[in-house]
Amino acid sequence: MAACCEHTEHDPKAKSVAEALEVILAASQPISDQVMVSLEQGLGRVLATSVASPIDVPAWPNSAMDGYALRAGDGSGPRECIGSAFAGHPYEARVQEGQCVRIMTGAVLPQGADAVIPQELAYREGSMVRFHGDILPGANVRLPGEDLSQGNTALPEGTLLRPAHLAVLASLGISEIAVFRPLRVAFFSTGDELQPSGQPLGPGQIYDSNRPTLLAMLQRLGAETVDLGCIPDNPDQIRETLETARQAADMVITTGGVSVGEADHIAGLLEQMGSVHFWKMNMKPGRPLAFGHLGQASFFGLPGNPVSTMVTFYQFVRPAILKRMGSLGPWTSPVFRLPLATSVRKKPGRTDFQRGRLLPGENGWMVAPAGAQSSHILTGMAQADCFIVLPAESGALTAGSLVDVQILEGMV
Ligand code: AMP
Ligand code: MG
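Residues numbered from 1 in each chain as written. Chains lettered and ligands numbered in written order. Predicted model: local features only at pLDDT ≥ 70, side-chain atom pairs only at ≥ 80, totals over all residues. Heavy atoms only, no water.

Peer 1: Looking at this model, I keep getting lost on the overall build of the protein. Mind explaining?
Peer 2: Each helix and strand counted, the protein has seven helices and 26 strands in total. On C-alpha atoms alone, the protein measures out to a radius of gyration of 30 Å, which is more than a quarter above the 22 Å that the 2.2 N^0.38 rule sets for 412 residues. Structurally, the protein occupies a C-alpha span of about 95 × 50 × 45 Å along its principal axes. For the protein, the proportion of its 412 residues judged to be buried stands at 44%. The long-range share in the protein, meaning contacts at least 24 apart out of those at least 6 apart in sequence, stands at 70%. In the structure as shown, the protein presents an accessible area of about 20400 Å², 53% of it carried by carbon and sulfur atoms. (Helix = DSSP H or I, 4+ residues; strand = E, 2+ residues; numbered from the N terminus. Rg over C-alpha atoms; globule rule 2.2 N^0.38 Å. Buried < 20%, exposed > 50% of the residue type's maximum accessible area, 1.4 Å probe, protein only. Contact = heavy atoms within 4.5 Å. Areas by Shrake-Rupley, 256 points an atom, 1.4 Å probe, with all protein chains shown as cover.)

Encoded structure:
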């Protein structure tokens, strides 16, 4: 039992991050519609069928170095150079005893040869070549099928295509692939105080930053987006927009109005229109969160504070989108342990997603909180390149303590 409730933020009715994620992922079913796209359009899409290699890669034994191709069994003596092999221009005749062929990287190994000696270890005098060091069979030879053999799975279904995957497909001569159609996501922000950018602010108004943020995060995930605008805290208008969203999309995301304030209508409307859980989350930021279904569409009601919107999107919506896109996963971000460069403040009770910055240190990378940590302070979020994830039970930590870190940016 906690010694004293004053020093903890724990709410026994609140849902933990792990519990919520489990429910969300279990209810998020992958879409199955496929489309054919060219390789050039494949980046960020998800393979709808596994791809078997139609050929051996490499297709021929070839040289890994610029040097001389020869028969290792002929011993360490000098060889007579009888010709050249270039990439794309094989040497046609057979290498016989005591002979060698000048060969470039990627050129087909001539018949008879079974090793390549790099040119740095070769000394040429006229047509004769002497070699330094051992001559071992198989040296510097790339074997057929070494990368992939014909018929083997090159990429499994569910591969989220990054540049290296496109490289593999290109190396197989494949120019068209079956991918899942993009997930269609409709979204809108709610709040009487919101004004779209480009308009002057009236008294008490703020600019709607959540909608552009959602658009950008959804674009990064390759979703097809339907922006339904900025809707006032008016139940009829919200109902109408939810109805449009439900018909337009596989997933509906709203921000704001998800708590129990007098202008918060999302909960009441969703209870009538769909099947939705309203969770008080045991996390910071991002306390209220709604998840469920609106007709066939999955529904997320995210809190309105801009940092809470982003944190809940990264922790819950992103994994659900990745799973629904048909991706094999992992759907959640990997977590690394790094030492803190400075101390951090925290009360036990809630999982804290502090905005952090990675810092190169003398003994490797460290992490420090980035800017102010309140849920309405966007500049801290903009300075951050990672989340520092502090478990619910953790209190304040001193510099040097190891903490969990999630990187915000994908590498490629
Ligand atoms: P709510 O979740 O509607 O109670 O809003 C919580 C806080 O977030 C309030 O200060 C709102 O003004 C602010 N907020 C809500 N929606 C947005 C938005 N789209 N852009 C920027 N701030 C917002
Ligand atoms: Mg509001």
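Peer 1: Mind showing me how you'd approach the site of ligand 1 here?
Peer 2: Around ligand 1, the structure places 14 residues, and the nearest of them are Glu-193, Asp-208, Ser-209, Gly-257 and Gly-304. A distance of 3.2 Å separates a nitrogen atom of ligand 1 from a polar side-chain atom of Asn-210. Looking at side-chain class alone, the shell around ligand 1 contains four nonpolar, eight polar and two charged residues. (Near = heavy atom within 4 Å. Polar contact = N/O pair within 3.5 Å; in protein donor to acceptor, adjacent residues only side chain to side chain. Nonpolar A, V, L, I, M, F, W, Y, C, P; charged D, E, K, R; others polar.)

Peer 1: Help me out: how do you make sense of the packing of helix α3 (residues 210-220) against helix α6 (residues 306-324) in this one?
Peer 2: Packed helices, taken two at a time, are described by their axes: the angle between them and the distance between them. Where α3 meets α6, the axes come as close as 11 Å, and the angle between the chain directions of the two elements is 30°. Considering their axes alone, α3 and α6 lie roughly parallel with respect to each other. As α3 packs across α6, the resulting crossing turns out to be right-handed. Every residue of α6 that contacts α3 at Asn-210, Thr-213, Leu-214, Met-217 and Leu-218 is listed here: Pro-306, Thr-309, Met-310, Phe-313, Tyr-314 and Ile-321. (Axes fitted to C-alpha atoms, helices over the stretch in contact; angles between N-to-C directions. Parallel < 35°, antiparallel > 145°, perpendicular 65-115°, else oblique. Left-handed = near helix turned anticlockwise from the far one by under 90°.)

Peer 1: Sorry, what's going on with the pairing of strand β6 (residues 99-103) here?
Peer 2: On a regular strand, each side chain points to the face opposite its neighbour's, so the side chains alternate between the two faces of the sheet. Here β6 lies mainly inside the structure; five of its five residues are buried. In this sheet, β6 lies alongside strand β4 (residues 67-70) in antiparallel orientation, the contact comprising four bridges. The partner of Gly-67 across the bridge, within β6, is Ile-103. (Pairing = 2+ DSSP bridges.)

Peer 1: Even after reading the chapter, I still don't get the packing of aromatic side chains, so can you show me in this structure?
Peer 2: Each aromatic ring pair is described using two quantities: the centre-to-centre distance and the angle formed by the ring planes. This model, assessed by the stated rule, comprises six aromatic pairs. When the ring of Phe-353 is compared with that of Phe-387, the centres are 6.2 Å apart and the planes differ by 80°; the resulting orientation is edge-to-face. Highlighted residues: Phe-353 in strand β23 (residues 351-361) and Phe-387 in strand β25 (residues 386-390), separated in sequence by 34 residues. For Phe-387, a relative accessible area of 1% translates into the label buried. (Phe/Tyr/Trp six-rings, centres within 6.5 Å; stacked < 30°, edge-to-face > 60°.)

Peer 1: Could you clarify how one ought to interpret the environment of Gly-83 in this entry?
Peer 2: Mapped onto the fold, Gly-83 is located in strand β5 (residues 79-85). By relative accessible area, Gly-83 is classed as buried at 19%. Distance from Gly-83 to Arg-102, taken between C-alpha atoms, is 6.2 Å for residues 19 residues apart in sequence. Discounting residues that sit within four places of it in the chain, Gly-83 has contacts with Tyr-91, Cys-100, Val-101 and Arg-102.

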